[in-house]
Amino acid sequence: MQKMRVVVLSAAVIIGMFFGQAQADILYLKNGRSLDGLIKSEDDSGVELELGFGIIKFTQQQIARIDRSTPAQATEIRLEWDEKKRLDEQQDLARRQLAEQAPKQIDVLTEQGHIILPTLINKKATARLMMDTGASVIVLSKKIAKELGLNTNPAKENLAKMITADGREHEACAVTLSSVKIEDVEAKDVQAVVILDEVASESSIDGLLGMSFLGRYNFSIDGQKNRLILEPRKNYGN
């Protein structure tokens, strides 16, 4: 009885050794090379050989002979390819997530002691925004809002009064920006306001980069290198 169990176990081991080593279709070419894969299509003009990551075509004149896999072997190989693809996609996702969470260093401009950041908004227009941690949201001028195609004639419920740093009161409207991107750092669905009256300015600043964007990151300034360092905050929806 003990001997029979050993025999059965040995057979299982042998089956396991062969599983995952199914023979593919093998194309032997007249130039002496050979390739393993699965034949995707075949006709009088040639053969398409699938390799798991792509397809190569050969004419019949290039082929010396073909050793063909069985349907069961072909099925096993496709399952192995699918599993490898799944694992590769998981690894790629993990790498991208790590890259997204890594601190980003952004070169900044300075004007009269203020930090200026060229900012791509809604993937349409680039605005020159001044970094302002005292602003709760992004503030945009009416001029840049028009370039972005934002509605500057909002419903009454979206109207608001805004007091700027110089103490002046301005009429503004609330908007949601679908995308705010500085270099390769992008935030989505970001709250902002548009100042509806024209604000005279000696500079070419298009608005303020406030905490509706900055608050999504742990941020710091490297004054020596003129860089803004942004690190995504955990559990902050982007």
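None of these values were measured; they are calculated from a predicted model. (Residues numbered from 1 in each chain as written. Predicted model: local features only at pLDDT ≥ 70, side-chain atom pairs only at ≥ 80, totals over all residues. Heavy atoms only, no water.)

### Comments concerning the overall build of the protein chain
As a reminder, the rule being used: Strands are runs of DSSP state E lasting at least two residues, helices are runs of H or I lasting at least four, and both sets are numbered from the N terminus onward. For each residue, the accessible area found with a 1.4 Å probe, counting protein chains only, is set against the maximum for its type, and the residue is called buried under 20%, exposed over 50%, and partly exposed in between. By definition in these notes, contact holds between two residues if any of their heavy atoms fall within 4.5 Å. Per-residue accessibility takes into account occlusion by the displayed protein chains alone, with areas from the Shrake-Rupley method and a 1.4 Å probe.
Per the secondary structure count, the protein chain includes four helices and 16 strands. Scored against the burial criterion, the 238 residues of the protein chain give a buried share of 32%. Considering only contacts in the protein chain between residues 6 or more positions apart, those separated by 24 or more positions represent 54%. Of the accessible surface of the protein chain, which amounts to about 15500 Å², a share of 52% is contributed by carbon and sulfur atoms.

### Observations regarding the sheet that holds strand β6 (residues 104–107)
Convention followed: Any two strands are treated as partners once DSSP identifies two or more bridges connecting them. Axis definition: a line fitted to C-alpha atoms, over the contacting stretch in the case of helices. Angles run 0 to 180 degrees between N-to-C directions.
Across the sheet, three strands lie side by side as β6-β16-β15; this open sheet has antiparallel pairing. For this open sheet the edge positions go to β6 and β15 (217–222), each flanked by a neighbour on one side alone. On average, each strand axis in the sheet is inclined to that of its neighbour by 25°, with strand direction left out of account. Of the strand pairs in this sheet, β15 and strand β16 (residues 227–232) are connected by six bridges, and their pairing is antiparallel. The residue bridging Y217 from the neighbouring strand is P232, located in β16.

### Points about the pattern of salt bridges
Applied cut-off: A side-chain nitrogen of Lys or Arg and a carboxyl oxygen of Asp or Glu constitute a salt bridge if their distance falls within 4 Å.
Across all of its chains, the model carries ten salt bridges by this definition. Across the salt bridge formed by E48 and K57, the nearest N and O atoms sit 3.6 Å from each other. Using a relative accessible area of 62% as the deciding quantity, one classes K57 as exposed. Where R227 meets D107, a salt bridge forms, and the shortest distance between an N and an O atom there is 3.3 Å. Highlighted residues: R227 in strand β16 and D107 in strand β6, separated in sequence by 120 residues. Classification of R227 by relative accessible area gives partly exposed; the value is 27%. For D107, a relative accessible area of 48% translates into the label partly exposed.

### Structural notes on the packing of aromatic side chains
To describe a pair of aromatic rings, you give the distance between the ring centres and the angle between the ring planes. Applicable threshold: Working definition: a ring pair exists when centres of Phe, Tyr or Trp rings (six-membered ring for Trp) sit within 6.5 Å. Plane angles under 30 degrees give stacked, over 60 give edge-to-face, the rest tilted. For a Lys NZ or an Arg CZ to count as sitting over a ring, it must be within 6 Å of the ring centre and within 35 degrees of the ring normal.
For the coordinates displayed, the defined rule picks out one aromatic pair. Taking the centre distance of 5.3 Å and the plane angle of 45° together, the rings of F213 and Y217 count as tilted. Each member of the pair, F213 as well as Y217, carries the same accessibility label: buried. Against the face of Y28 rests R65, its NZ or CZ located 3.8 Å from the ring centre.

### Digging into the sheet that holds strand β4 (residues 55–59)
Taken together, five strands build an open sheet; the order of strands is β4-β3-β2-β1-β5 and the sheet is antiparallel. Only two strands of the sheet have a single partner each, and these edge strands are β4 and β5 (63–67). Ignoring strand direction, the axes of neighbouring strands in this sheet form an average angle of 45°. Pairing between strand β1 (residues 25–29) and β5: four bridges, direction antiparallel. Bridge assignment links L27 to a residue of β5, and that residue is I66. In the packing of helix α2 (residues 71–101) onto the sheet, the strands contacted are β2 (34–42) and β3 (46–50), and the crossing angle to β2 comes to about 105°.

### Some remarks on α2
Here is the rule: An expected span of 1.5 Å times one less than the residue number is assigned to each helix.
Given a rise of 1.5 Å per residue, 31 residues ought to cover 45 Å, and the 45 Å separating the end C-alpha atoms of α2 matches this to within 8%. All of the buried residues along α2 are A74, E76 and I77.

### Some thoughts on the confidence of the model for the protein chain
Stated formally: Values of pLDDT, ranging from 0 to 100, describe the predictor's confidence in every residue of the model.
Scored by pLDDT, the protein chain comes out at a mean of 81, with 81% of its residues at no less than 70. Long-range and interchain partners of residues 1–20, a stretch whose pLDDT sits below 50, account for four contacts in this model, where long-range means more than four residues apart.

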